[in-house]
Amino acid sequence: MQEISRRSLLLGGLAAAGTGALVACSNPPGAAPSTFARPARLQPVAGQRVVEHQLTAKATSLDLGGTTVDTWAFGDSAPGPLIRATAGDMLRIQVDNQLPTDTSVHWHGIALRNVADGVPGLTQDPIAAGSSYLYEFTAPDPGTYFYHPHVGVQLDRGLYAPLIIDDRQEPGNYDLEWVVVLDDWLDGTGRTPDDVLADLTGTAGGSSDSMGGMDMGGMSMGGDPPFGDAGDVTYPHYLINGRVPTAPDVLRAKPGQRVRLRVINAGSDTIFTVALGGHRLTVTDTDGFAVQPRDTGAFYIGMGERYDATVTLGEGVFPLVAAPYGKEGQAMALIRTGSGAAPDPAVHPAELDAPILQGADLRPSDASRLSARDPDSTQMVHLSGQMMPYRWAINGAPYGKNDALLINEGDRVRLDLMNMTQMTHPMHIHGHTFALQSGLRKDTVLVKPMSSLAVDLQADNPGNWMTHCHNIYHAEAGMMVAMNYRT
Ligand code: C2O
Ligand code: CU
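Residues numbered from 1 in each chain as written. Chains lettered and ligands numbered in written order. Predicted model: local features only at pLDDT ≥ 70, side-chain atom pairs only at ≥ 80, totals over all residues. Heavy atoms only, no water.

1. Some words on the nonpolar core
- Counting 112 residues, the largest nonpolar core has Trp107 and Tyr473 as its most contacted members.
- Top element by residues in this core is strand S9 (residues 176-185). It accounts for seven residues.
- Not counting residues up to four positions away in its chain, the partners in contact with Trp107 are Leu55, Ile83, Ile93, Leu112, Ala116, Asp117, Tyr135, Phe137, Phe146, Tyr147 and Leu163. (Core = buried A, V, L, I, M, F, W, Y, C linked by side-chain atoms within 4.5 Å. Buried < 20%, exposed > 50% of the residue type's maximum accessible area, 1.4 Å probe, protein only. Helix = DSSP H or I, 4+ residues; strand = E, 2+ residues; numbered from the N terminus. Contact = heavy atoms within 4.5 Å.)

2. Overview of the environment of Thr312
- By the secondary structure assignment, Thr312 is in strand S17 (residues 306-312).
- Each C-alpha atom of the pair Thr312 and Asp175 lies 9.6 Å from the other, and the pair is 137 residues apart in sequence.
- Excluding its chain neighbours within four sequence positions, the residues that come into contact with Thr312 are Gly256, Gln257, Arg258 and His279.

3. Description of the packing of aromatic side chains
- Taken as a whole and judged by the stated rule, the model has twelve aromatic pairs.
- Ring geometry for Phe299 and Tyr307: centres 5.4 Å apart, planes at 50 degrees, overall tilted. Exposure class is identical for Phe299 and Tyr307. Each is buried.
- Taken together, the ring pairs connect Phe74, Trp107, Tyr133, Tyr135, Phe137 and Tyr147 into an aromatic cluster.
- For Arg157, the ring lying beneath its charged end belongs to Trp72, and the centroid distance is 3.7 Å. (Phe/Tyr/Trp six-rings, centres within 6.5 Å; stacked < 30°, edge-to-face > 60°. Lys NZ or Arg CZ within 6 Å of the ring centre and 35° of its normal.)

4. What to know about the sheet that holds strand S11 (residues 250-252)
- What the five strands build is an open sheet, ordered S11-S19-S18-S13-S16; its pairing is mixed. The open sheet terminates on both sides in strands that have one partner only, identified here as S11 and strand S16 (298-301). Adjacent strand axes in the sheet meet at a mean angle of 20 degrees when their direction is disregarded.
- Bridge analysis of strand S13 (residues 272-276) against S16 gives four bridges, and the strand direction is antiparallel. Each residue of the ladder has a partner; that of Phe272, found in S16, is Ile301. (Pairing = 2+ DSSP bridges. Axes fitted to C-alpha atoms, helices over the stretch in contact; angles between N-to-C directions.)

5. Description of the coordination of the copper ion (ligand 2)
- Coordination of the copper ion (ligand 2) by the protein comes from His425 (ND1), Cys469 (SG) and His474 (ND1), over a distance range of 2.0 to 2.1 Å.
- Mapped onto the sequence, the donors of the copper ion (ligand 2) take the spacing H-x43-C-x4-H. Separated by 49 residues along the polypeptide, His425 in strand S24 (residues 425-429) and His474 in helix H3 (residues 472-476) bring together distant segments of the chain. Considered together, His425 and His474 belong to a single accessibility category, that of buried residues. (Donors = N, O, S within 2.8 Å, 3.2 Å for Na, K, Ca; no water.)

6. Some words on the sheet that holds strand S8 (residues 161-166)
- An order of S3-S8-S7-S5 is seen for the four strands of this open sheet, with the pairing classed as mixed. Across the chains shown, the open sheet's two edge strands, defined by having one partner strand only, are strand S3 (83-86) and strand S5 (106-108). Taken over all neighbouring pairs, the strand axes of this sheet differ in orientation by 25 degrees on average, direction set aside.
- Of the pairings in the sheet, the one linking S5 to strand S7 (residues 143-148) comprises three bridges and is antiparallel in character. The partner of Trp107 across the bridge, within S7, is Tyr147.

7. Describing the pairing of strand S19 (residues 331-336)
- Where burial is concerned, most of S19 is hidden: five out of the six residues are buried.
- Pairing of S11 with S19, which is carried by three bridges, proceeds in the parallel orientation. When the bridges of S19 are listed, Val250 appears paired with Leu334.
- Examined bridge by bridge, strand S18 (residues 317-324) and S19 share six bridges and lie antiparallel to one another. Among the inter-strand pairings, Pro319 is bridged to a residue of S19, identified as Leu334.
- Hairpin connection from S18 to S19: six residues lie between these consecutive antiparallel strands, with Gly326 at a positive phi of about 75 degrees.

What follows is the structure, encoded as structure tokens:
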């Protein structure tokens, strides 16, 4: 037993060493070129449907609505292509890397087989420039998910897209659906996410604008409740479905129709507050699991979180606004059910000034609950770090230097998320959906400054899984840790 856990610690350390935490050098010179075998091909079981897609990650230019940017994307749009399947289907997705550097694809929120999780150094080798990779997995749970690379700060380019898993037993209590992808955008506006990370971490060489992209206000600790200081980077644009507010995406519908919104925060450094002007929203799901329906005028959504809400539409033209928490500007899209002029791109719906739902206050539906059980083990996940110098860590050390959490298959595992910093961190765990103490199921949860949160998960998906802050700059500056099953 002693021998085995020492061995997995060593293996964990080796795996981490291959990741090359910072900037776009995920395969440092001298590292073994290949350490992971390609996963065994997955064969569908009898009757299982296979959903196939081909994705090309490439440099392209995008029109955000009057502003054209050079960036990287899956194909020629951001968000990239919607992938849609039904719970229980097998997905078979070929990724062709035409970027000038390594990449990978992570299927955020899906309880998939570990080898398809898309984390270089932990579950696969990076997909080298000019090569391709086949992801095959079964998607067991319905819900709203998304996919993005797990290399460097590539998420903050245009490399993100929705992944929707439909429910075979969907009650379908709505007429139409709208996938709403939020993003904070700076790539191709004179700097790249790699420039911003280098500025933040102080590794930029000879930059005349070494503070470019850093929100100096973020250095004065504090900020407004409930999340305090929630972001480090100032963005020139906030997008809904890839569009700026002056040239918004538009959903056309009829008055009285019920719409299911599937809202995904694909931003890298921004919590948003979402409201539909003139309407109440009924939040029905978060992170792929049903909640007790809850009415609200507006809700917060952290990076990596998803919320589904239904709404019965009035007649007219209505702004769907996503306001960046603690930052200037906003994202906006429109729902049009009648004639009328579009609202001003800077419109401020009254719903944003009324009480705003915090996801952690939702309650799980009965079917979403984890069975009641005391934890078999408790793992400390101690978050530390600060803006100056820009260093973030879990359990006292940045990723690559910290020890993997080690858990046993079959255990009920409690993670004690302890945030010892002045910032809010959206903490995400791969391959599992944990339960808050209220029973609410989440895979990404906002942990407020100087506070702690205990979450429980059932260790039913063996492998090596990443646990990290979904602020991509924090993650790349060290705020990640592996959670490995003992073998
Ligand atoms: Cu969107 Cu490691 O996650
Ligand atoms: Cu963070």
